[in-house]
Amino acid sequence: MLILTCPCCNIAADETELLPGGQAHITRHGPGSDDADFETYLFMRENPKGVHFERWRHSMGCGKWFHAARCTATLEVFATYSAQTFGPPQHVIDAIKSRRPDWQGPV
Amino acid sequence: MSEPVSPLNGAAYDGFVSVRETGSCGMITLRGDLSDPVVQGVVKTLTGVDIPAMGKITIGKTGCAWMSPDELLLLLPRADVSAALGEIAQAMRETHHLAADVSDARALFNITGAGVRDVLTKLTPADVSPVALPVGTMRRTRLAQVPAAIWIDDETTANVICFRSVARYMFDLLCTSAKPGGAPGLFAQGSEQ
């Protein structure tokens, strides 16, 4: 059971109240980009065993998108944070490093 | 003018708690910047209460519920809705906002009895204990398979709002959960008979 606290409404929402949005912080390559970049944007995803950044939508609640940093192996949630960011903020990285000292940082 | 008809025409059921589809209630969805004094002013004028804090609901003669960081639900008598919408449009003509009459898009259920928290906890993943869901808290969650918003008026009264299209599903669900003998007795001692 995965429980994420929505940063928009502060509700500790059960996984079944949320809609998964896949990997977070993907750079969009649109019209004019070359084929390799476009393919990476469309299809290439991380599948780590360990720290992972994801997008979630609080669909059966406030309806807002947000980000979550969690461990795919233990389901430990390090932090949830605003959707309006291009990468994990420093306090999220610090929270992960305090729990996973050998973590190499976001990819 | 035809009379407004509530989704289930006031269906009612008595189990270890009573479930009743309340008649038509006026509801307005108001979206905008909730920190804007214009928005705060118009809510105060219409409902007589301040904008509730995050996750809260204020119910007096009329009510106001916090639905999301940019959304409120105003509860008021059905007859006042069109006048209220006119007032909002007038007061907020310079302010970016959205106001919609959703009275016919929602169903409202009233649950009464000692086991109101018991009947809800069987249906939702949300924590409905008095600590997590005190009086005056609006919890948007799901009941079984459909989205719903629930709040507690007092320890023997709870309210559920859901979409009109799932009103029958919601009513059947609450009735099944409220069947005599089915109370888990987690919150109300003695409600398990």
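Provided above is the structure to which this section pertains.
On a predicted model such as this, the values are computed, not experimentally measured, just so you know.

Chemist: A description of the interface of chain A and chain B should follow, citing residues and the corresponding values.
Modeler: Taken residue by residue, the interface counts 12 residues in chain A and 15 residues in chain B. Carbon and sulfur atoms make up 58% of the area that chain A and chain B hide from each other, which totals about 1,000 Å². Three residues stand out in chain A for area buried against chain B, namely Glu17, Met60 and Lys64 of chain A, and they jointly supply 42% of the buried area on that side. For the pair chain A and chain B, the interface holds 2 salt bridges. Linking lysine 64 of chain A and aspartate 70 of chain B is a salt bridge whose minimum nitrogen-to-oxygen distance equals 3.0 Å. Across the contact surface, chain A and chain B share 6 residue pairs in polar contact (both at pLDDT 80 or more). Of the residues belonging to the side of chain A that touches chain B, the class tally is 6 nonpolar, 3 polar and 3 charged.

Chemist: Describe the sheet that holds strand E7 (residues 97-101) of chain B, and please don't skip the residues or the numbers.
Modeler: What holds strands together in a sheet is hydrogen bonding between their backbones, with the strands either parallel or antiparallel. All names here are of chain B. Reading across the sheet, the 5 strands line up as E4-E5-E6-E3-E7 and stay open at both edges, with antiparallel pairing between neighbours. Only two strands of the sheet have a single partner each, and these edge strands are strand E4 (57-59) and E7. Pairwise comparison of adjacent strand axes, ignoring direction, gives a mean angle of 20 degrees for this sheet. Where strand E3 (residues 26-32) and strand E6 (residues 71-76) come together, 6 bridges link them in antiparallel fashion. The partner of arginine 31 across the bridge, within E6, is glutamate 71. Helix H2 (residues 81-91) contacts E3, E6 and E7 of the sheet and is inclined by roughly 15 degrees relative to E3.

Rules of the game
- Residues numbered from 1 in each chain as written.
- Chains lettered and ligands numbered in written order.
- Predicted model: local features only at pLDDT ≥ 70, side-chain atom pairs only at ≥ 80, totals over all residues.
- Heavy atoms only, no water.
- Contact = heavy atoms within 4.5 Å.
- Buried area = accessible area lost by both parts, 1.4 Å probe.
- Salt bridge = Lys/Arg side-chain N within 4 Å of Asp/Glu carboxyl O.
- Polar contact = N/O pair within 3.5 Å; in protein donor to acceptor, adjacent residues only side chain to side chain.
- Nonpolar A, V, L, I, M, F, W, Y, C, P; charged D, E, K, R; others polar.
- Pairing = 2+ DSSP bridges.
- Helix = DSSP H or I, 4+ residues; strand = E, 2+ residues; numbered from the N terminus.
- Axes fitted to C-alpha atoms, helices over the stretch in contact; angles between N-to-C directions.

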